[in-house]
Amino acid sequence: RRSLYQHNWARSDADTTTLLSAGEHTGVAGDVTSEGVTHAVLFIGANDFFPSGGAYIGIYFGTWSQAQIDSYLAQHVANINTALNALAPTGVPVLIATIPDYGLAPATQAFFTNAASRQDVADVIDDLNLQIHAIAEARQLGVIDINGAAEAIFGPHGSLKTSFEIGNISIQLLQSDTTGGGNPTAGFVGDGIHPNTTLQGLLANVIMPRHGNRCDVSALDAEKAR
């Protein structure tokens, strides 16, 4: 990864703060002007709510006040706007993705077993995603609604779906694959955090068919019906 992909400025473990300190936003802007890059995607923020991080733990256990949550979200929004401000002068069309919820992953559920508390974190992420939609509308950007797709597939934490049909194959959403790929119908790879190939394909379908500034999540329903 990150070799032979000249214009991919994404970095492992990045969050909205390290994106800026690593110069990912200015790197993309430079590629637009010097390398002829024609489109940009801003997909950042999941690691701001990584399960071992202070935000996830504080919200899950209820130790963060609403003021702390609001301040954290405001900083996240400010970081996103800083990144977009670097791209704006180039005129490059930008797609911005909503933030997915790590709480859906089996590895997270193994340690954070209280569904209601996981939903508390998911609700905060939903609030932030509403602000991302507002940013996109104000800037006339396209939105890749990754979180909306994930919620459509999995449902709420209090009643998570266990399977999803793709081409008459039942994908086991809450299972992890083996390190050798011995459980290909599992929803997640062996680390229990990252989506397996089939779910990655569904997320790709969210990126491709779009209408206006919102993604067409109905593509997921079409896949399910096949």
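Residues numbered from 1 in each chain as written. Predicted model: local features only at pLDDT ≥ 70, side-chain atom pairs only at ≥ 80, totals over all residues. Heavy atoms only, no water.

Colleague: Sorry if this is basic, but what is going on with the packing of helix α4 (residues 66-87) against helix α6 (residues 115-139) here?
Modeller: Helices that pack against each other are described as a pair by the angle of their axes relative to one another and the distance between those axes. Axis separation between α4 and α6 bottoms out at 11 Å; the angle between their running directions is 30 degrees. Classified by the angle between their axes, α4 and α6 sit roughly parallel to one another. Note that α4 runs across α6; the crossing there is right-handed. Across the interface between the two elements, Ile69, Leu73, His76, Val77, Ile80, Asn81, Leu84 and Asn85 of α4 pack against Val124, Asp127, Leu128, Gln131, Ile132, Ile135 and Arg139 of α6. (Axes fitted to C-alpha atoms, helices over the stretch in contact; angles between N-to-C directions. Helix = DSSP H or I, 4+ residues; strand = E, 2+ residues; numbered from the N terminus. Parallel < 35°, antiparallel > 145°, perpendicular 65-115°, else oblique. Left-handed = near helix turned anticlockwise from the far one by under 90°. Contact = heavy atoms within 4.5 Å.)

Colleague: Looking at this structure, I do not really get the pairing of strand β2 (residues 94-97). What am I missing?
Modeller: Regular strands place side chains that alternate from one sheet face to the opposite one. Taken together, the 3 bridges between strand β1 (residues 40-42) and β2 define a ladder with parallel strand orientation. Residue valine 41 lies in a different strand from β2, and its bridge partner there is leucine 95. As judged from the 3 bridges shared by β2 and strand β3 (residues 142-144), these two strands associate in the parallel manner. If you follow isoleucine 96 over to β3, its bridge partner there is valine 143. (Pairing = 2+ DSSP bridges.)

Colleague: Got a minute to help me understand the packing of aromatic side chains in this structure?
Modeller: Where two aromatic rings form a pair, the distance of their centres and the angle of their planes describe that pair. For the coordinates displayed, the defined rule picks out 9 aromatic pairs. An angle of 80 degrees between the planes, with centres 4.8 Å apart, marks the rings of tyrosine 60 and phenylalanine 61 as edge-to-face. Relative to phenylalanine 112, the ring of phenylalanine 61 lies with its centre 6.4 Å away and its plane at 55 degrees, an arrangement referred to as tilted. One end of the pair, phenylalanine 61, is in the loop between α3 (54-60) and α4; the other, phenylalanine 112, is in the loop between α5 (106-111) and α6, with 51 residues separating them in the sequence. (Phe/Tyr/Trp six-rings, centres within 6.5 Å; stacked < 30°, edge-to-face > 60°.)

Colleague: Quick question: what am I supposed to make of helix α2 (residues 24-35) here?
Modeller: Residues lying three or four places apart along an α-helix face the same way, a consequence of the helix completing one turn every 3.6 residues. The first and last C-alpha atoms of α2 sit 15 Å apart over 12 residues, in line with the 16 Å expected at 1.5 Å per residue. Those residues of α2 not exposed but buried are Glu24, His25, Gly27, Val28, Ala29, Asp31 and Val32. Tucked inside the fold, the buried residues of α2 contact α1 (16-21), β1 and α4. Phi for glycine 36, located one or two positions after α2, is positive at around 75 degrees. (Expected span 1.5 Å × (residues − 1). Buried < 20%, exposed > 50% of the residue type's maximum accessible area, 1.4 Å probe, protein only.)

Colleague: How do you make sense of the sheet that holds strand β6 (residues 186-188) when you look at a structure like this?
Modeller: Paired through their backbone hydrogen bonds, the strands of a sheet run either parallel or antiparallel. Ordered by their spatial adjacency, 3 strands build an open sheet running β4-β5-β6, and the pairing between neighbours is mixed. At either end of the open sheet lies a strand with only one pairing partner, and these are β4 (163-166) and β6. Neighbour-to-neighbour, the strand axes of this sheet turn through a mean angle of 40 degrees, independent of strand direction. Note: strand β5 (residues 169-176) against β6, 2 bridges, orientation parallel. Within β6, the residue paired with glutamine 172 across the bridge is alanine 186. Sheet strands touched by helix α8 (residues 197-207): β4, β5 and β6. Its angle to β4, the strand with the most contacts, is close to 70 degrees.

Colleague: Help me understand the pairing of β4, please; the structure alone is not making it clear to me.
Modeller: In β4, alternate side chains face the same way, and those of Phe164 and Ile166 are buried while those of Ser163 and Glu165 on the opposite face are not. With 4 bridges connecting them, β4 and β5 associate as antiparallel partners. Looking at the pairing, isoleucine 166 lines up with isoleucine 169 of β5. Taking the residues that link successive antiparallel strands as the turn, the β4-β5 hairpin has 2 residues, and the phi of glycine 167 there is positive, at about 55 degrees.

Colleague: In this structure, what is going on with the sheet that holds β3? I would like to understand it.
Modeller: Pairing within the open sheet is parallel, and its 3 strands lie in the order β1-β2-β3. Every interior strand has two partners, whereas the edge strands, β1 and β3, have only one. Adjacent strand axes in the sheet meet at a mean angle of 30 degrees when their direction is disregarded.

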